Amino acid sequence: MTHGLTIAAGDSSTWVETLGEHDAIVGGPPREVHIRLAADSRLTHYRLLGPDGAPDVADRLTVEIGAGASYEQRMLAAPTGQFRSEQTIRLNGRGASATLSGACVALPQAQLDFDIKVTHEADDTVSDQRINLLGADRGKATAQVETRVPPGRHRVTANQLLRAMQPEGKAVITLQPRLSILSDDVVCRHGATTSAIRDDELHYLRSRGIARDDAVAILSEAFLRQMLPAGDQHGEGEVGHAIDRVLSLALKREAEVAHEA
Amino acid sequence: MSDTKNNELLLQVKGLRASVAGKQVLKGVDLEVRPGEVHAIMGPNGTGKSTLAAVLAGKLGYEVEAEVARLAGVDLLGLEPEARAHLGLFLGFQYPVELPGVNNTYLLRAAVNAKRRALGEPEIDAYDFLQTVRAKADELGFDAALLSRNVNEGFSGGERKRNEILQLAVLEPRLAVLDEVDSGLDIDALRQVAAGINRLRSADRSFVLITHYRRLLDYVAADHVHVMVDGRIAASGDMGLVDQLEERGYEWVADAQPALVE
């Protein structure tokens, strides 16, 4: 199944894509999406996959970004089965920018695999990739994120930050940040961290009367919400409601399983 | 402000000892606080003042024992931190943590409702709560913009301490233990925080102010002043003791203990 989307020059658009409704299953051919942003266009692309969607989803996304165009992806994924997402983002025109923010939950028994490649094919391009991955007990996830700057590029900015949090410390999470920087004129920041919930944060909330399990839930939700812009939070608008619904289902499922364990 | 007719003890601590990583930090603290009283605990660095605050609030990681450690007649040491808060204990942190993604108002409402549930009371409606919390911020002269921000994220030192006082005002504890609430504050911020404390003083609410310096006590008059040295309260008195400390420093107390205890 292939989908194509072209944003005309100078246009601005928002696409809310709900994954897992009629998607290809893992093992079969992946669902393919091709997006092309013409010069000076803008696309805000939401990708939502909740625990109530198809358990197994395979997805291949290609985004071509023209001169002065801006692509912003906000992904919220919390499947109950396998989710494989291959993404190829190409900044083809001068002044193009790409921002990818991912809030992902590896629920128990779930397996998430992200393979994201961002290539700066033109000068004066900017990319920013941030993924916060919450690993529930027995959840598994791999995030392989590569930023490429070919030789001869100028004034490129590339940022990459991958963070994983394991509230109960029993998830299997692999973060693989990769940088292939073959030009000198590049400002690049990158980082990858995996941690449990900090004791001082838990103590602060508990000292305010919030029970431990509720404090863990608050901090887990906050960790994910950091990837979602303020305007989309707390049920504002249609997208806000959709995000709240997916987050609520994911955290409820995560808490139920943690409790059972 | 203290109600001297009220002899009922709000906080009673006797022989409180605490160790962390095998090192004994508190070596037998005795402290009694009555409703409405303000106590100041002073002392040099490393004498156990912050440990006392942390241990009272139930911070994990300490080995704690005491002959008596009661809040409102209830044994504190057997309680989880949240249960201590429900009982009416509030800890104002020396270094309030940043909680990115946790909205200030959301946290406060979660805390208020957690206490209400524990006390068998109905939860407060979001709209009513917002009105209440805005009124509290206004009453304290604090910028209501603090409420819409994430907890302490990007806050200046003064904003963090003001936020602690705002939380105190909303949570309405019986005993507030404020650990160096004056640290890192400029004069204006100190005055504002002190005014907040004074506004929140009442016949039912007590304070334990932990501080190194007298400048906070120039604005908030304490009923009792204590000096901690080497894990114990080595001297107690009234505000006159603060003057003596200013003149003679802390070493004088260390040399004279235990004769100075009230």
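Residues numbered from 1 in each chain as written. Chains lettered and ligands numbered in written order. Predicted model: local features only at pLDDT ≥ 70, side-chain atom pairs only at ≥ 80, totals over all residues.

Visitor: Break down the interface of chain A and chain B for me, citing the residues and quoting the values.
Guide: At the junction of the two partners, chain A supplies 17 residues and chain B supplies 21 residues. Looking at the side of chain A that touches chain B, the elements with two or more residues in it are helix H1 (199–207) and helix H2 (212–225) of chain A. Looking at which element gives the most residues to the side of chain A that touches chain B, the answer is H1(A), with seven residues. Its residues placed into classes, the side of chain A that touches chain B shows six nonpolar, four polar and seven charged. (Contact = placed C-beta atoms within 7 Å. Helix = DSSP H or I, 4+ residues; strand = E, 2+ residues; numbered from the N terminus. Nonpolar A, V, L, I, M, F, W, Y, C, P; charged D, E, K, R; others polar.)

Visitor: Provide a residue-level description of helix H6 (residues 187–200) of chain B, including the pertinent values.
Guide: Residues and elements named next belong to chain B. Here H6 contains 14 residues, and its C-alpha end-to-end distance of 20 Å stays within 8% of the 20 Å for a straight helix at 1.5 Å per residue. Regarding H6, the residues found buried are Leu190, Val193, Ala194, Gly196 and Ile197. Summarising the axial view, the buried residues of H6 lie within an arc of 155°, below the 170-degree limit, and thus occupy one face. Along H6, exposed side chains directed more than 90 degrees from the buried face belong to Ile187 and Asp188. (Expected span 1.5 Å × (residues − 1). Buried ≥ 20, exposed ≤ 12 C-beta atoms within 10 Å, placed from the backbone. Arc of directions from axis to C-beta.)

Visitor: Quick rundown of H2(A)? Include the residues and the values.
Guide: If you check H2(A), its first and last C-alpha atoms are 20 Å apart, about what 14 residues at 1.5 Å a residue would give, namely 20 Å. Considered for burial, the residues of H2(A) that qualify are Ala215(A), Val216(A), Ile218(A), Leu219(A), Ser220(A), Glu221(A), Ala222(A), Phe223(A), Leu224(A) and Arg225(A).

Visitor: Any chance you could break down the packing of helix H3 (residues 104–118) of chain B against helix H5 (residues 157–171) of chain B for me, citing the residues and the numbers?
Guide: All names here are of chain B. Following both chains from N to C, one finds H3 and H5 inclined at 35°, their axes separated by 10 Å at the closest point. Seen along the crossing, H3 lies across H5 with a hand that is right-handed. Residues Asn104, Leu108, Ala111 and Val112 of H3 lie in contact with H5, whose contacting residues are Asn163, Gln167, Val170 and Leu171. Looking at the contact of H3 with H5 residue by residue, the classes come out as five nonpolar, three polar and no charged. (Axes fitted to C-alpha atoms, helices over the stretch in contact; angles between N-to-C directions. Left-handed = near helix turned anticlockwise from the far one by under 90°.)

Visitor: Any details on the pairing of strand E10 (residues 224–229) of chain B? Residues and values, ideally.
Guide: All names here are of chain B. Summarising burial for E10: six of the six residues are buried, a large majority. The side-chain alternation of E10 yields two buried faces, one formed by His224, His226 and Met228 and the other by Val225, Val227 and Val229. Inspection of the sheet shows strand E3 (residues 38–42) paired to E10 by four bridges, in the parallel sense. Across the sheet, the residue bridging to Ala40 is Val225, located in E10. By the bridge criterion, five bridges tie E10 to strand E11 (residues 232–237) in an arrangement that is antiparallel. Bridging across to E11, His226 finds its partner in Ser236. (Pairing = 2+ DSSP bridges.)

Visitor: Would you mind going over the pairing of strand E7 (residues 82–91) of chain A in detail, with residue names and values included?
Guide: Residues and elements named next belong to chain A. Relative to E7, strand E5 (residues 57–65) is paired through nine bridges, and the arrangement is parallel. Its bridge partner being in E7, Asp59 is matched across the sheet by Ser85. Judged from the 10 bridges that link them, E7 and strand E9 (residues 111–120) form a sheet pairing that is parallel. By the bridge assignment for E9, Thr88 is matched with Lys117.

Visitor: Explain the nonpolar core to me, using residue names and the numbers behind them.
Guide: Grouped together as the largest cluster of nonpolar side chains are 142 residues, with contacts concentrated most on Cys104(A), Ala106(A), Leu89(B), Val177(B) and Leu209(B). Ranked by residue count, the leading element in this core is H2(A), at seven residues. Leaving out residues up to four positions away in the same chain, Cys104(A) has contacts with Ala77(A), Leu112(A), Ile131(A), Leu133(A) and Ala141(A). (Core = buried A, V, L, I, M, F, W, Y, C linked by C-beta atoms within 7 Å.)

Visitor: Can you break down the sheet that holds strand E10 (residues 126–135) of chain A residue by residue, with the values?
Guide: All names here are of chain A. Strands sit in the order E2-E4-E6-E8-E10-E12-E14 across an open sheet of seven strands; the sheet is parallel. Strands with a single pairing partner mark the edges of an open sheet, and in this sheet they are strand E2 (12–18) and strand E14 (186–195). Strand-to-strand, the axes of this sheet are offset by a mean angle of 5°, without reference to chain direction. Both strand E4 (residues 42–49) and strand E6 (residues 70–77) contribute to a ladder of eight bridges, which runs parallel. Counterpart to Thr44 in the pairing with E6 is Glu72. Packing of H2 onto the sheet brings it into contact with strand E8 (97–106), E10 and strand E12 (156–165), and relative to E10 it is tilted by some 160°.

Visitor: Lay out the sheet that holds strand E3 (residues 31–37) of chain A in plain terms, naming residues and giving numbers.
Guide: Residue and element names in this part refer to chain A. Taken together, seven strands build an open sheet; the order of strands is E1-E3-E5-E7-E9-E11-E13 and the sheet is parallel. Since the sheet does not close on itself, it has two edges, and those belong to strand E1 (2–7) and strand E13 (172–181), each with one partner. The average angle at which neighbouring strand axes cross in this sheet is 10°, direction not considered. Strand direction decides the pairing type here: E3 and E5, joined by seven bridges, are parallel. Paired with Leu37 across the bridge in E5 is Ile65.

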